Amino acid sequence: MDWLGVCFLGCITALGGGTLRDLLLGHYPLAWVQNPFYLALTGGAAFVTILIARVVHRLYVAFIVLDTIGLVVFTMIGCDVAWQMNASLPIVIVSGMVTGCAGGVLRDVLCNDVPLLFRSELYASVSVVTGLFYATAFGLHLNQELWTLLTFVLGISFRLLAVRYKWEMPKFVFTGDER
């Protein structure tokens, strides 16, 4: 893949979930259209990744932690956007999950990989639990700052524990022999 392709995929990964959420909710203008700085930031981050690619594989733990932070923060942002649009609780939670997960799905599909979201690893599940916990504060009118911090800790802890202990969702296997 050439450098432009890598930068393009970096932008899709970082901004794809929020873009899809905004399109589905009819929330315009899109965040990166309203703030082109987001596009420059994500493209620049992808370019820096190209420059340090030879050592990135040694930073596996840092990558997992940063990805986890992104998942949790983007999930909460997605919940906020839907809540501000007066969406119902299920839509708020799905909005959070789409925001947190869809960019990675788009990246994986474009790279012809099975998306992480569709494998057994806990990823979307973490996003749903995080979104549900976070949205509880909206419905119960709890202290937003405290609840945001608690949600952040819960989401990060859940994802990192799932990675550490290899927690997985059950796999669906159908061979056709079960008649």
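Residues numbered from 1 in each chain as written. Predicted model: local features only at pLDDT ≥ 70, side-chain atom pairs only at ≥ 80, totals over all residues. Heavy atoms only, no water.

Visitor: Quick rundown of the overall build of the protein? Include the residues and the values.
Guide: On a plain count of helices and strands, the protein comes out with eight helices and zero strands. Order of helices (α) and strands (β) in the protein, N terminus to C terminus: α-α-α-α-α-α-α-α. Taken over the C-alpha trace, the protein has a radius of gyration of 17 Å; the compact-globule value for 179 residues is 16 Å, and the two agree within 12%. Considered along the principal axes of its C-alpha atoms, the protein spans approximately 55 × 50 × 30 Å. Relative to its 179 residues, the protein shows a buried fraction of 35%. (Helix = DSSP H or I, 4+ residues; strand = E, 2+ residues; numbered from the N terminus. Rg over C-alpha atoms; globule rule 2.2 N^0.38 Å. Buried < 20%, exposed > 50% of the residue type's maximum accessible area, 1.4 Å probe, protein only.)

Visitor: Explain the side chain of Thr42 to me, and be specific about the residues and the numbers.
Guide: Mapped onto the elements, Thr42 comes out in helix α3 (residues 37–51). Within polar-contact distance, the side chain of Thr42 engages the backbone oxygen of Leu39 at 3.1 Å. (Polar contact = N/O pair within 3.5 Å; in protein donor to acceptor, adjacent residues only side chain to side chain.)

Visitor: An account of the packing of helix α5 (residues 60–84) against helix α8 (residues 144–164) is requested, with residue identities and associated values reported.
Guide: With their axes 9 Å apart at the nearest point, α5 and α8 run at an angle of 140° to one another. With respect to α8, the element α5 is oriented oblique. Crossing angle aside, the handedness with which α5 passes α8 is right-handed. From α5, Tyr60, Ile64, Val65, Asp67, Thr68, Ile69, Leu71, Val72, Val73 and Met76 reach across to α8, where they touch Thr148, Thr151, Phe152, Gly155, Ile156, Arg159, Leu160 and Val163. Partitioned by chemical class, the residues of the contact of α5 with α8 number twelve nonpolar, four polar and two charged. (Axes fitted to C-alpha atoms, helices over the stretch in contact; angles between N-to-C directions. Parallel < 35°, antiparallel > 145°, perpendicular 65-115°, else oblique. Left-handed = near helix turned anticlockwise from the far one by under 90°. Contact = heavy atoms within 4.5 Å. Nonpolar A, V, L, I, M, F, W, Y, C, P; charged D, E, K, R; others polar.)

Visitor: Account for the packing of helix α6 (residues 89–110) against helix α7 (residues 124–140), naming residues and giving values.
Guide: For the pair α6 and α7, interaxial distance at closest approach is 9 Å and the crossing angle is 135°. Taken as axis vectors, α6 and α7 run oblique relative to one another. In this structure, α6 crosses over α7, and the sense of that crossing is right-handed. Together, Leu89, Val92, Ile93, Gly96, Met97 and Cys101 of α6 and Ala124, Ser127, Val128, Gly131, Leu132, Ala135 and Phe138 of α7 make up the contact between the two elements. Looking at the contact of α6 with α7, its residues break down into ten nonpolar, three polar and no charged.

Visitor: Report on the nonpolar core, specifying residues and quantitative values.
Guide: The biggest cluster of nonpolar side chains holds ten residues, and these are Val72, Met76, Cys79, Ala82, Ala87, Val92, Tyr134, Ala135, Phe138 and Ile156. When residues of this core are traced back to their parent elements, those giving at least two are α5 and α7. Of all the elements, α5 adds the most residues to this core, at four residues. With residues up to four places along the chain from it excluded, the contact list for Phe138 reads Cys79, Asp80, Trp83, Val92 and Gln144. Listed in part, the eight residues of the second largest apolar core include Cys101, Leu122, Tyr123 and Val126. (Core = buried A, V, L, I, M, F, W, Y, C linked by side-chain atoms within 4.5 Å.)

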